[in-house]
Amino acid sequence: MKLGILGGSFNPVHNGHLYLARKALSFLNLDRVVFIPAYQSPFKLNAFSSESKMPSANDRLDMLAASLTGDPGFAIDNCEIKREGVSYTVDTLEDIISRYQPSGKPVLIIGDDLAAEFLNWHESDKILQLADIAIARRIDSPIEKYSFAHVLIENDVMKVSSRDIRQKIKDDNDWQSLVPQGAKEIIIEQNLYGFMGNMGQKTSKSDAKIDVLIPIETITREVINRVETAVRGALNTERFLHSRSTAVLAVDMCRRFGLDPLCGYLAGIAHDFAKQIDGKQLLKIVKSSKQYTISGLEKDKPNLLHGKAAAVLLRQRFCIHNEDILEALAFHTSGIAGMGPLAKIIYIADKIECTRNIDPAFRKMFNEDKELPLDLILFAVIEKTIVKLKAKELDLSKDTIKLLEKIKEK
């Protein structure tokens with residue numbers, strides 16, 4: 001996978017960021033651009049503290065996630081936010097390369113407003129060893145020559161900046177056309193950056209009701225956007241980013257094994273929809289559907305029912321009756337003998353997506369060996385899962401054991 005990396009404060013994310021990322025995807029022939037929001041940028045050490053009512057790092061992360069809904073060409077990684085403090089590009093590159101295992105060097109995308117000082121960056125020589133540099137135009141000035149290896153992205157200059165948008169919001173000037181719809185809704189709902197137009201009228205995304213009158217036969221981007229918005233409202237930031245990473249990996253695997261990528265994305269984004277519902281309510285949801293049996297282990301540990309509950313909610317709230325998708329949600333935790341290809345993909349993606357702490361050698365093998373059969377990947381993932389559960393002295397599901405035996409027979 002050819003990877004691009006786009007870092008920044010995204011405070012807030014705006015249409016210029018998205019335009020640049022899309023331009024980089026096509027111009028550099030990338031498979032994916034990873035957005036990496038900074039906890040504290042080394043270039044803007046005083047920027048966050050000098051303005052009042054600045055959003056938290058998780059607020060900026062939420063705005064970014066809301067702005068990239070349904071687009072598998074973009075990934076989001078919160079490694080710098082989890083690290084806290086000032087993060088240096090060289091450290092982030094090493095982390096991303098270790099976890100994502102890209103094919104060849106990743107491409108670090110920077111603006112020409114920063115490129116002139118690149119050689120003064122912390123360990124810039126090591127950055128050049130780790131990544132290729134792509135420079136995009138951010139300022140409307142003559143193109144400069146740089147003494148380090150790089151490629152120039154042929155992009156239009158969009159005269160928009162996060163600082164200007166923050167000022168426009170504060171001054172109640174026109175700003176809403178400058179940011180993606182998802183970010184705009186969060187700014188208004190949370191009264192960020194001094195926005196005063198919604199005081200006392202906050203609503204919860206998770207409380208929004210979606211009326212669907214007829215069964216959804218075809219999975220479209222519109223359907224995905226509605227489900228993803230509901231999932232983002234139901235989960236905390238960390239869990240949602242895991243779900244989104246699962247969805248993105250599921251798209252890659254569906255393309256690899258000849259399945260519908262839209263179904264893969266939807267199943268991946270929704271697989272943990274019910275993850276933060278309490279155990280008693282999970283039992284109630286699953287019992288109400290009469291679609292799934294509840295094992296003794298699930299009765300003792302009802303949180304294991306979150307996959308089956310997610311399938312029930314997707315059917316009831318969104319009228320989605322695609323049995324492959326529902327099976328993938330219901331059994332992504334334990335697996336089940338005879339599960340279909342999409343269910344296998346979601347089981348795998350849930351366990352090995354890039355926010356998970358797994359052996360990088362395993363992910364490298366998966367990325368590089370394109371001839372690996374799906375069942376062989378599944379077998380390896382199940383074995384690693386069982387080892388992990390035994391190490392934690394956790395009980396194994398009978399379904400997991402039966403699935404492993406079934407794969408062994410093959």
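Refer to the preceding data block for the structure.
Residues numbered from 1 in each chain as written. Predicted model: local features only at pLDDT ≥ 70, side-chain atom pairs only at ≥ 80, totals over all residues. Heavy atoms only, no water.

Engineer: Break down the overall build of the protein chain for me, citing the residues and quoting the values.
Structural biologist: Scanning the protein chain for helices and strands turns up 19 helices and 6 strands. Relative to a compact globule of 410 residues, whose C-alpha radius of gyration would be 22 Å, the protein chain shows 22 Å and is just as compact. In terms of principal-axis extent, the alpha carbons of the protein chain reach across some 65 × 50 × 40 Å. For the protein chain, the proportion of its 410 residues judged to be buried stands at 51%. In the protein chain, once contacts between residues fewer than 6 apart in sequence are set aside, the share between residues at least 24 apart is 68%. Total accessible area computed for the protein chain in this model is approximately 19600 Å², and 49% of it derives from carbon and sulfur atoms. Across the protein chain, the centroid of the 56 positively charged side chains sits 4 Å from that of the 55 negatively charged ones. (Helix = DSSP H or I, 4+ residues; strand = E, 2+ residues; numbered from the N terminus. Rg over C-alpha atoms; globule rule 2.2 N^0.38 Å. Buried < 20%, exposed > 50% of the residue type's maximum accessible area, 1.4 Å probe, protein only. Contact = heavy atoms within 4.5 Å. Areas by Shrake-Rupley, 256 points an atom, 1.4 Å probe, with all protein chains shown as cover. Lys, Arg positive; Asp, Glu negative; His and termini not counted. Charge placed at Lys NZ, Arg CZ, Asp CG, Glu CD.)

Engineer: Please give an account of the sheet that holds strand β6 (residues 151–152) that cites residues and values.
Structural biologist: Sheet strands line up and pair through hydrogen bonds in the backbone, either parallel or antiparallel. Pairing within the open sheet is parallel, and its 6 strands lie in the order β3-β2-β1-β4-β5-β6. Edge positions in the sheet fall to β3 (74–76) and β6, since each of these pairs with one other strand and no more. Where strand β1 (residues 3–8) meets strand β4 (residues 107–111), 3 bridges bridge the pair, whose relative direction is parallel. Within β4, the residue paired with Ile5 across the bridge is Leu108. Relative to strand β2 (residues 32–37), helix α2 (residues 57–67) is tilted by about 160°, and along the sheet it contacts β2 and β3. Contacting β2 and β3, helix α10 (residues 237–257) runs over the sheet at an angle of about 150° to β3. (Pairing = 2+ DSSP bridges. Axes fitted to C-alpha atoms, helices over the stretch in contact; angles between N-to-C directions.)

Engineer: Tell me about the pattern of salt bridges, and name the residues and values.
Structural biologist: What the rule picks out here adds up to 13 salt bridges. Between Arg99 and Asp95 there is a salt bridge whose closest N-O contact spans 2.9 Å. Here Arg99 and its partner Asp95 are both found in helix α4 (residues 89–100), 4 residues apart, which amounts to about one turn of the helix. Among the residues examined, Arg99 registers a relative accessible area of 15% and is labelled buried. Judged by its relative accessible area of 23%, Asp95 falls in the partly exposed class. With a closest N to O distance of 3.4 Å, Arg315 and Glu323 form a salt bridge. On the accessibility criterion, Arg315 (16% relative accessible area) is buried. (Salt bridge = Lys/Arg side-chain N within 4 Å of Asp/Glu carboxyl O.)

Engineer: Now, about the nonpolar core: what can you tell me, with residues and values included?
Structural biologist: If you look at the biggest cluster of nonpolar residues, it comprises 106 residues, and the most contacted ones within it are Val33, Phe35, Val227, Leu314, Ile320 and Ile325. Among the elements that make up this core, the one with the highest residue count is α10 (9 residues). Excluding residues within four positions of it along the chain, Ile325 makes contact with Ile219, Cys263, Leu266, Ala267, Leu314 and Leu342. If you look at the next biggest cluster of nonpolar residues, it comprises 23 residues, including Ile110, Ala115, Leu130 and Ile133. (Core = buried A, V, L, I, M, F, W, Y, C linked by side-chain atoms within 4.5 Å.)

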